[in-house]
Amino acid sequence: MGKVEVPSLITLCIYSIRDELIQVDDPNLSSVLYQLPMELFDQLLLHLPPLALQKLQQGKSDILDDYELLTDGVDNQRKRKRYLNFEEEWKNLYEARWPAFGRRSKNFDSKSFARSAKVKEVECDWQQMYWEAHLQNCLDTTAEFALFPSFHGRISEIEVPESILNYIDHRGHISRFTCDYSKFAYHCQQFGSYARHLRLPNVLCVEETCLLLRNARLESLELQWIKSDEHVEGLCQLISQNYRSLKSIKFMHCKFTVASLDAICDLLCLHSPQALGMQHFSIKTSSFLENNFHSLPAGLISFLSSGRSLSSLCLSDNHLPRHFARIVFDTLVDASSSITVLDLSENNIAGWLSHFKWKYRSSTEPPGTYKSLKSLKELNLRNCNLQRDDVDCLRYALVHIPNLEQLDLSDNPIETSGIRCLIPYFKETPHRYFPLVDLKLESCELTCFGVCELLEALSSLRKPLNFLSIGGNSLGSEIGTPLGKFLCGGIQALDIEDIGLGSSGFMRAGKELVKETKLHSINISKNRGGIETARFLSKLFSHAPDLSTVNAKYNFMPKESLSILCSAVKAAKGKLEHLDLRGNILCGQQVDLSELAEFQTNGVSILELSSSPALNEPYDDDP
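Residues numbered from 1 in each chain as written. Predicted model: local features only at pLDDT ≥ 70, side-chain atom pairs only at ≥ 80, totals over all residues. Heavy atoms only, no water.

Undergrad: Explain the overall build of the protein here, please?
TA: Across its full length, the protein holds 25 helices and 19 strands. Burial analysis of the protein (623 residues in total) assigns 51% to the buried set. Contacts in the protein between residues far apart in sequence, at least 24 positions, make up 83% of those at least 6 positions apart. (Helix = DSSP H or I, 4+ residues; strand = E, 2+ residues; numbered from the N terminus. Buried < 20%, exposed > 50% of the residue type's maximum accessible area, 1.4 Å probe, protein only. Contact = heavy atoms within 4.5 Å.)

Undergrad: How should I be thinking about helix H19 (residues 415–427) in this particular structure?
TA: Because an α-helix completes one turn every 3.6 residues, residues spaced three or four positions apart along the sequence face the same direction. The first and last C-alpha atoms of H19 sit 19 Å apart over 13 residues, in line with the 18 Å expected at 1.5 Å per residue. Maximum bend of H19: about 25 degrees, positioned at Cys421, with proline Pro424 one to four residues after it. Considered for burial, the residues of H19 that qualify are Thr416, Gly418, Ile419, Cys421, Leu422, Ile423, Tyr425 and Phe426. Residues of H19 that are buried sit in contact with helix H18 (388–397), strand E11 (438–440) and helix H20 (448–459). (Expected span 1.5 Å × (residues − 1). Bend = angle between axes of the 7 residues up to and from the residue.)

Undergrad: I would appreciate a short explanation of the packing of aromatic side chains in the present structure.
TA: By convention here, two paired aromatic rings are described through the distance between centres and the angle between planes. By the definition in use, this model includes 20 aromatic pairs. Ring plane angle 65 degrees and centroid distance 5.8 Å describe the contact between Trp90 and Trp131, whose orientation is recorded as edge-to-face. Highlighted residues: Trp90 in helix H6 (residues 87–97) and Trp131 in helix H8 (residues 126–146), separated in sequence by 41 residues. Trp131 shares its class with Trp90; the two are buried. Judged by centre distance (4.8 Å) and plane angle (50 degrees), the rings of Tyr94 and Trp98 are tilted. Aromatic rings pair up to connect Trp90, Tyr94, Trp98, Trp126, Tyr130, Trp131, Tyr181, Tyr186 and Phe191 into one cluster. Arg395 extends its terminal NZ or CZ atom over the ring of Tyr396, reaching a point 5.0 Å from the ring centre. (Phe/Tyr/Trp six-rings, centres within 6.5 Å; stacked < 30°, edge-to-face > 60°. Lys NZ or Arg CZ within 6 Å of the ring centre and 35° of its normal.)

Undergrad: Would you mind showing me how to read the confidence of the model for the protein here?
TA: Interpretation of this model should avoid reading the predicted coordinates in detail wherever pLDDT is low. This prediction gives the protein a mean pLDDT of 83; 79% of its residues lie at or above 70. Counting contacts from residues 102–122, a segment whose pLDDT is below 50, to residues more than four positions away or on other chains yields 23 contacts. Every residue in residues 611–623 is under pLDDT 50, and counting partners more than four places away or in other chains gives 18 contacts. (pLDDT = per-residue confidence, 0-100.)

Undergrad: What am I meant to see in empty space enclosed by the protein here?
TA: Unoccupied space between atoms shows up once a probe the size of one water molecule is rolled over them. Applying the stated criterion to the full structure yields two cavities of 30 Å³ or more. Of the voids in this model, the largest cavity is the one considered here, and its volume is about 50 Å³. Around the largest cavity, the lining residues are Gly480, Leu483, Gly484, Leu487, Ile496, Leu501, Gly505, Phe506, Ala509 and Phe536. Counting only elements with at least two residues in the lining of the largest cavity, the list comes to helix H21 (480–487) and helix H22 (502–511). (1 Å grid on protein atoms, 1.4 Å probe; cavity = no way out; pocket = protein on both sides within 12 Å on 5 of 7 lines; lining within 4 Å. Points joined across faces, edges and corners; volume = space filled by probe spheres on them.)

Undergrad: What is the right way to look at the pairing of strand E5 (residues 280–284) in this model?
TA: For a regular strand, side-chain orientation follows a simple rule: the groups alternate between the two sheet faces. Relative to E5, strand E3 (residues 248–252) runs parallel, the two sharing five bridges. Note that in E5 the partner of Ile249 across the bridge is Phe281. Sheet topology note: the E5/strand E7 (residues 312–316) ladder contains five bridges and is parallel. Bridge assignment links Ser282 to a residue of E7, and that residue is Cys314. (Pairing = 2+ DSSP bridges.)

Undergrad: For this particular structure, what's the right way to read the packing of H19 against H20?
TA: Axes are the key here: two packed helices are described by the angle between their axes and the distance separating the axes. Running from N to C, H19 and H20 cross one another at 10 degrees; their axes reach a closest spacing of 9 Å. Here H19 is positioned roughly parallel relative to H20, judged by the angle of their axes. Residue-level inspection shows Thr416, Ile419, Arg420, Ile423, Phe426 and Lys427 of H19 in contact with H20, the latter providing Phe449, Gly450, Glu453, Leu454, Ala457 and Leu458. Of the residues in the contact of H19 with H20, the class split is seven nonpolar, two polar and three charged. (Axes fitted to C-alpha atoms, helices over the stretch in contact; angles between N-to-C directions. Parallel < 35°, antiparallel > 145°, perpendicular 65-115°, else oblique. Nonpolar A, V, L, I, M, F, W, Y, C, P; charged D, E, K, R; others polar.)

Undergrad: Would you mind showing me how to read the state of the cysteines here?
TA: Put plainly, a disulfide is one covalent bond tying together the sulfur atoms of two cysteines. A complete count under the given rule lists zero disulfides for this structure. Residue Cys138 stays outside any disulfide, its sulfur separated by 7.5 Å from that of Cys188, the closest cysteine. Owing to a relative accessible area of 0%, Cys138 belongs among the buried residues under this scheme. (Disulfide = S-S within 2.5 Å.)

Undergrad: Where do I start with the packing of H6 against H8 in this structure?
TA: Interhelical geometry of H6 versus H8 gives an angle of 30 degrees and a closest axis separation of 8 Å. If you check the angle between H6 and H8, you find them roughly parallel. Of the two possible hands of crossing, H6 and H8 adopt the one that is left-handed. On H8, the residues that touch Glu87, Trp90, Lys91, Leu93, Tyr94, Glu95 and Arg97 of H6 are Trp126, Gln127, Met129, Tyr130, Trp131, Ala133, His134 and Asn137. Its residues placed into classes, the contact of H6 with H8 shows eight nonpolar, three polar and four charged. (Left-handed = near helix turned anticlockwise from the far one by under 90°.)

Undergrad: Can you walk me through the nonpolar core in this structure?
TA: Buried together is how nonpolar side chains tend to be arranged in soluble globular proteins. Counting residues in each nonpolar core, the largest one holds 144 residues, and the members touching the most others are Phe251, Phe281, Leu313, Phe426, Leu441 and Leu468. Among the nonpolar cores identified, the runner-up in size contains 29 residues, and Leu29, Phe86, Trp90 and Met129 belong to it. (Core = buried A, V, L, I, M, F, W, Y, C linked by side-chain atoms within 4.5 Å.)

Undergrad: I'm lost on the pattern of salt bridges in this one. Help?
TA: Two side chains of opposite charge can pair, provided their charged atoms sit close to one another. Counted according to the given criterion, the structure contains 16 salt bridges. Residue Glu95 is joined to Lys91 by a salt bridge in which the shortest nitrogen-to-oxygen separation is 3.4 Å. Here Glu95 and its partner Lys91 are both found in helix H6, four residues apart, which amounts to about one turn of the helix. Notably, a salt bridge pairs Lys575 with Asp546, separated by 3.4 Å at the nearest N-O pair. (Salt bridge = Lys/Arg side-chain N within 4 Å of Asp/Glu carboxyl O.)

Shown next, in the form of C-alpha cells:
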C-alpha cells in the first residue's frame, strides 16, 4: 500500500471551518475569520467551495466598518484590499466548474472572434458570472422535470440534482442539513439577484417563475418554444419586472400569432420612455401562424418605428414572405432607424427590393435627400434565394445604406450575372470614402470570369477590403493568377475554401506573390493542392509578415511537404498562431511531426492535426 499523507492540524482546522460555514449562518464566525493573519486567511480561501465563500463574503459587509484601522500603512492597506476582493477565487471556481470557458475555437476569420477577444479583456465580475451560470444550470434541469407529462406540481418544489449541489457544497453537506437547499426555489431566491442573462424554455415562462425571479435584474432573455397565450402572458410579466434593465430579447423555435406578437411589442413600446430601451431584438427559426396577412402586425411596426435604441434586428429562418421583409426594411428606412445590424438570412425573399429600382429611376430628388439608414453597418442576406435581379435592385437600395461595412450574400444563386450587377457599386466610388470592409459571397454559383472582374473592381478601391470570402464557388485553377495579384493588395483575411484551385492553381498564385502583403489569415482548405499547397504557403509566409492563422485542411499534402512546411513556419518568425493541417495525407502516415509540433504560441502548439489518419479518398465537405 502507498503511504497515506496525514493532513496537518491547520488543514484539519480549515476543513472544520469550511464545513461550519456551509452548515450554519453565523455572522460571528465571519467576524472571527476576518481577523486571521493574511497568510492563514489566504490558505482558508483556497479550500472554500462556492457556498462557503459566498457566506464569508456576505458576512464582510457587516464587519468591515470595525476594521478602518487596517488602512494604516502599506501592508495594512494591502491586507484590507485582500479582504475586499475575492475575484481570483471566484475565477478559479468558475473555470474549474466550466473549463470550456474562454476556449475560443480556432475557426477561420470571424468578426465575432475578434469581438470575443475584446469582451474577454473587459474586467469580469466572476462572482456574478458564477452564480448566474449556476442558476442557468438549475433552470435547465428544472425545465427537464417540468416537461414530463406526469408532472403536475409546483416548479418551486422541484429538486435540484445532487450533481449540481455538490459543485457549490462540499460532499453534499447542504442537502443533508436542510431540505430547502435542494429545492429550485432556494436557488432562485438566493442567487436570482446575480442573473443578468438567462435562457428560458416555454415551460418556465409562467407566473410562478416570474415570482421566483423577482429579484433578478435581467439584461437579456432567450426564450425557446413560446407557443401559447400562457407562455406569452408569463413572458410579458417577466418583461414588466425587468423593463428598466432589459436590453435584449431573443426568440428561438417559437410560434407567433398576430395577437401574441402585438402583445409583446406593445409592452416594449409602453415601457420604452422609462427604460434604457431594447437594443437587440431577434426571432430565429420560428414561424408566424398567419403568414398570409398583407402587413406587419401593428405592434411590430410601432416597435420598429419608435425603437430609437434598437441596435440589431434579426428575423432569420422564419419562412418570411418577401412582402414581410420589404415592409420591415421600408419601416426602418422611413423611421430613419439607428439600427446597426439587420439579419434577414435563411428566408425566401426573392423580389423583396424590386420597388427600389423603380423608385430610383422615377425619382426626381437628388440622392442626398433620400431617407436612409445611416447607422446600418451589417446586412446579412445569406441563403435568401436571391437571384440576379435581386442583386441589381440591391444596388439601388444601397444608396439608403451609405455606411454599410459588412454585406453577406452567401448561399444565393446570384451567378456571374448577379455579381456583375454589383460591380458598378464598387466602380462608382473608387476615389471617395468607401465604407465596405467585409464581403461574403460563398457558394453563389460564381465563375472564374465573374470573380476576376470582381477582384479587379475591388483592387481599384482607395480603401481595400479587410475580408473577402468566395469559398464554395467552382472557379478552377485559372483563378490562381488574379488571386495571387489580389493578395498583394491590402486584403487582411481571405476565404477561398473549396474553389477548385488544384496544384496548378496554387502554383499560379505563388508566382504572383512578388511583394509584401497585409494578410492576417487565410483559408485555403479543400483545394486538393498536394505538395504545391506547401510551396504556396512557403512563399506566402515570406511575403506576409503579419500572417497568424492558416486553414489548409484537406489539400492532400504528401509527407514530402513536411520539410517545406517546417521551413515556412520558421520564416514566419513566431507570428503564426494557428496552422490547421487536418485531413492531409502527411497526417495519416508514419511521419515524424515533432519538429512542426514544437512551434508554439503562448505555450500552446500552433499545429492542429487530424485525430484519425486521413486517407487518399474523397472527403466529406460538410463541416
